[in-house]
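The primary structure of each chain is shown beneath.
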Amino acid sequence: DTEVTQTPKHLVMGMTNKKSLKCEQHMGHRAMYWYKQKAKKPPELMFVYSYEKLSINESVPSRFSPECPNSSLLNLHLHALQPEDSALYLCASSQRDYNEQFFGPGTRLTVL
Amino acid sequence: AQKVTQAQTEISVVEKEDVTLDCVYETRDTTYYLFWYKQPPSGELVFLIRRNSFDEQNEISGRYSWNFQKSTSSFNFTITASQVVDSAVYFCALSEARGGKLIFGQGTELSVKP
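Structural notes, computed from the coordinates. (Residues numbered from 1 in each chain as written. Chains lettered and ligands numbered in written order. Predicted model: local features only at pLDDT ≥ 70, side-chain atom pairs only at ≥ 80, totals over all residues. Heavy atoms only, no water.)

Helix and strand counts for chain B come out as zero helices and 12 strands. For chain B, the sequential pattern of α-helices and β-strands runs β-β-β-β-β-β-β-β-β-β-β-β. For chain B, the C-alpha radius of gyration of 14 Å lies close to 13 Å, the compact-globule estimate for 114 residues. C-alpha atoms of chain B, sized along the principal axes, occupy 45 × 25 × 20 Å. Of the contacts made within chain B by residues no fewer than 6 positions apart, 55% connect residues no fewer than 24 positions apart. On chain B, roughly 5,600 Å² of surface is accessible, and the fraction owed to carbon and sulfur atoms is 48%. For chain B, the centre of its 11 positive side-chain charges and the centre of its 14 negative side-chain charges are spaced 5 Å apart. (Helix = DSSP H or I, 4+ residues; strand = E, 2+ residues; numbered from the N terminus. Rg over C-alpha atoms; globule rule 2.2 N^0.38 Å. Contact = heavy atoms within 4.5 Å. Areas by Shrake-Rupley, 256 points an atom, 1.4 Å probe, with all protein chains shown as cover. Lys, Arg positive; Asp, Glu negative; His and termini not counted. Charge placed at Lys NZ, Arg CZ, Asp CG, Glu CD.)

Here it is as C-alpha cells:
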C-alpha cells in the first residue's frame, strides 16, 4: 500500500460544529504532517508528528487540535472554526522527518 | 531564513514544446534538501524528485529533467515534448536537514494546450 488516504473528501460545517479530519498511511512512515492550502497559494505547514510525538506546531490556533493515535493514523479535530478557515487540508507522511513527503488527496473544508 | 522563489507565475505552451520551470532558493544551511511537486487540478500533490545539497548530479526521468546548481542556488525543472497531461501547478520546495518543514515556492501554473 503506497498511498495516503484522507476522509472525508468534502466537509461543510457551521462555526459552532465539531468535526474531525482523518488521515491514514500504511507505508511504515514515522512522520506525518498537516498542511492548509488556500486557492492559488502553496501549502502551509500546520503540524508535524515524528514517531507519534508532536514535533512542530506552526502557531496554529487552538481551534485546530491534532492527534496521532498510532503510527498509521493522524486526526485533525476542528472546533469553532471561522469562515477564513475554509481551505484544502492536506495530510502527508514520510519515512523520517527529512525524507520526501507523500500527500493524500486532501479534504476540502467549507466553514459557513 | 530559508526562501524559495519561483518567478514564473504562469506559463502557457503548445503541446510538444519544451518548457523550463525556474526555482531559486536561499538557505544558510550546508545540508538541505530540494524537492519538486506537481499539483494537478484534482488537488493532490505528487512527489517528483528530491535532491540532497551534497549531490549536484543532474537527473533525467523520461521527459523530465532537473538541473541543480549550487553556485547559482537554482534547481530548475525541464519538461521535454510537453503534453496536455503535464498541465498543473508545479511547486519547488526546500527543507532543512531535520524537522520536516517544507518551504514551498509560490508555484508555477503550467498550461499545455493541444
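Once the structure has been displayed, the description carries forward.
Time to look at the interface of chain A and chain B. Tallying the contact residues gives 22 residues for chain A and 20 residues for chain B. Summed over both sides, the interface between chain A and chain B buries roughly 1,800 Å², with carbon and sulfur atoms accounting for 52% of that surface. Viewed at the interface, chain B and chain A are joined by three salt bridges. Linking E58(A) and K101(B) is a salt bridge whose minimum nitrogen-to-oxygen distance equals 2.6 Å. Applying the counting rule to chain A against chain B returns five residue pairs in polar contact (both at pLDDT 80 or more). Elements with a minimum of two residues in the side of chain A that touches chain B: strand 4 (31-37), strand 5 (44-50), strand 9 (87-94) and strand 10 (102-103) of chain A. With three residues, the single largest contributor to the side of chain A that touches chain B is strand 4 of chain A. Split into classes, the residues belonging to the side of chain A that touches chain B amount to 13 nonpolar, four polar and five charged. (Buried area = accessible area lost by both parts, 1.4 Å probe. Salt bridge = Lys/Arg side-chain N within 4 Å of Asp/Glu carboxyl O. Polar contact = N/O pair within 3.5 Å; in protein donor to acceptor, adjacent residues only side chain to side chain. Nonpolar A, V, L, I, M, F, W, Y, C, P; charged D, E, K, R; others polar.)

Moving on to the packing of aromatic side chains. Given two aromatic rings, one states the distance between the centres and the angle between the planes to describe the pair. Under the criterion given, the structure shown has 18 aromatic pairs over all chains. Between Y35(A) and F103(A) the ring centres are 5.3 Å apart and the planes differ by 45°, which places this aromatic pair in the tilted class. Taken together, the residues Y35(A) in strand 4 and F103(A) in strand 10 connect sequence positions 68 residues apart. Taken as a pair, Y35(A) and F103(A) share a single burial class, namely buried. Through pairs of rings, three or more aromatic residues link up here, namely Y33(A), Y35(A), F102(A), F103(A), F35(B), Y37(B), F47(B), F91(B) and F104(B). (Phe/Tyr/Trp six-rings, centres within 6.5 Å; stacked < 30°, edge-to-face > 60°. Buried < 20%, exposed > 50% of the residue type's maximum accessible area, 1.4 Å probe, protein only.)

Turning to its location among the elements, Q8(B) is positioned in the loop between strand 1 (3-5) and strand 2 (10-14). Excluding residues within four positions of it along the chain, Q8(B) makes contact with T20(B), L21(B), D22(B), G107(B) and T108(B).

Attention now moves to the environment of V24(B). Residue and element names in this part refer to chain B. As for its position among the elements, V24 is in strand 4 (residues 24-26). Accessibility expressed as a relative area gives 39% for V24, which makes it partly exposed. Each C-alpha atom of the pair V24 and N76 lies 8.0 Å from the other, and the pair is 52 residues apart in sequence.

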